[in-house]
Amino acid sequence: MTQSVSASGSVSSANTANLSFVTSGTVTEIDVKVGDVVKKGQVLAKVDPSSAEDNLATAKANLQAAEDALDRVNDDDSSDSATISSAESQVTSARTTVNSDQKALDGTVLKATMAGTVTAVNGTVGNSSAASGSGSTGGSATGSASSTSSTSSTSSTSSGFVQLADVSRIQATADFAEADATKLKVGQPVSVTWSALSGATATGKVKLISPTATTSNNVNSYQVTVTITSVPKGARIGQTVAVKVTTASAGNVLRVPTAAVRAAGGLYTVQTRSGDQTQTATVQVGVAGDSYYEIKSGLTAGQTVVLQQQTSASGSGGIPNFPAGGFPGGGSLGGGLGGR
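Let me begin by describing the structure that accompanies this report. (Residues numbered from 1 in each chain as written. Predicted model: local features only at pLDDT ≥ 70, side-chain atom pairs only at ≥ 80, totals over all residues. Heavy atoms only, no water.)

**Digging into the packing of aromatic side chains**
For any pair of aromatic rings, the description consists of the separation of the ring centres together with the inter-plane angle of the planes. Following the criterion strictly, the structure yields two aromatic pairs and no others. Considering the side-chain rings of F21 and F161, the 5.2 Å spacing of their centres and the 65 degrees angle between planes classify their relative orientation as edge-to-face. With F21 in the loop between β2 (16-19) and β3 (25-30) and F161 in the loop between α3 (156-159) and β9 (162-165), this residue pair connects regions lying 140 residues apart in the sequence. Considered together, F21 and F161 belong to a single accessibility category, that of buried residues. In this arrangement the basic side chain of R255 is found over the ring face of Y292, its NZ or CZ atom lying 3.7 Å from the centre. (Phe/Tyr/Trp six-rings, centres within 6.5 Å; stacked < 30°, edge-to-face > 60°. Helix = DSSP H or I, 4+ residues; strand = E, 2+ residues; numbered from the N terminus. Buried < 20%, exposed > 50% of the residue type's maximum accessible area, 1.4 Å probe, protein only. Lys NZ or Arg CZ within 6 Å of the ring centre and 35° of its normal.)

**Structural notes on the sheet that holds strand β8 (residues 128-129)**
Read from one edge of the open sheet, four strands run β6-β5-β3-β8, paired in antiparallel fashion. Lying at the two open borders of the sheet, with one neighbouring strand each, are β6 (109-111) and β8. With three bridges connecting them, strand β5 (residues 43-47) and β6 associate as antiparallel partners. Bridge assignment links A45 to a residue of β6, and that residue is L110. (Pairing = 2+ DSSP bridges.)

**Some words on the sheet that holds β2**
What links the strands of a sheet is backbone hydrogen bonding, and the strands pair in either a parallel or an antiparallel sense. Pairing within the open sheet is antiparallel, and its four strands lie in the order β2-β9-β7-β4. Two strands bound the open sheet, and with one partner strand each, they are β2 and β4 (37-38). Of the strand pairs in this sheet, β4 and strand β7 (residues 116-121) are connected by two bridges, and their pairing is antiparallel. For V37, the partnering residue across the bridge sits in β7 and is T117.

**What to know about the nonpolar core**
If you look at the biggest cluster of nonpolar residues, it comprises 22 residues, and the most contacted ones within it are F176, W194, V226, V243 and V245. Within the residue set of this core, elements represented by two or more residues are β1 (2-13), β10 (170-177), β11 (189-194), β12 (201-209), β14 (219-228) and β15 (240-249). In terms of residues, this core owes the most to one element, β10, which gives four residues. Apart from residues no more than four positions distant in its own chain, V243 is found in contact with V5, S6, A7, A172, A174, F176, V190, S191 and V226. I30, A45, V162 and L164 belong to the second largest nonpolar core, which has 18 residues in total. (Core = buried A, V, L, I, M, F, W, Y, C linked by side-chain atoms within 4.5 Å. Contact = heavy atoms within 4.5 Å.)

Right under this line is the structure:
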């Protein structure tokens, strides 16, 4: 027996990067387009390096001047310790500026920090690119060509000038109802079913449960991220999936159909039938599945239980999954206990 909760969700990459230039400037080339597969270290785009080159040249000249001044001070026998210390400080400061300006020049070239597929290019040649840090994981190698493709003109500071995703490593995210989320734990087994791919399923585990709720129309839900162990053929980022998490399971146990169990005030009861006699038994339930309850105590295998009649919208009595009115002759449907 298994107990599970389900929610709809979507597929995303488990490894992504939003990359932006360290140094802002006018974009002079874009070397990739959406859909390109890149390697770690590959050049993606460049901005005009003129200003950064000038700054570095000035910084190097100042460093050389500071080093020459330190040499003269050291060669002068009349120099005291304070004079020497001041000259050394000037050299240290100038060297720091050179290192900073060198990083700024290096930052005019945007490189891939991971191997992956380009999912967005947020800029065009000739426009300005705002500077922003970049971060991610993954990848290997180098190389590139030249192109000027783009998908939008949104700010690179918020989404990255170039966005990368590892499409070979995917995960799913789904919003679970508040009551269902209380049953979830990291590591629980998951079954994922694709809406657009007939018969496509995958297994995985709960990776992350959001600690805070998202509220929509006064209804709370919690976002859950699950890993996917194998990628079905045709799976793509953004596809809709159904995520089913197994929250409890039990094997080789006594069970009865859910239609036989009544719950009230924290107590569970089942009506049993022996000949013409019907009695009510208080039971202790365990795993609550979609169709069966695990019975831990209160019943024994072989007893006949009575499935409850339900009232249809029109008010006529009926048996679940049967036409209104039940079986010919009326009465309740008797069900035997099963063990599994």
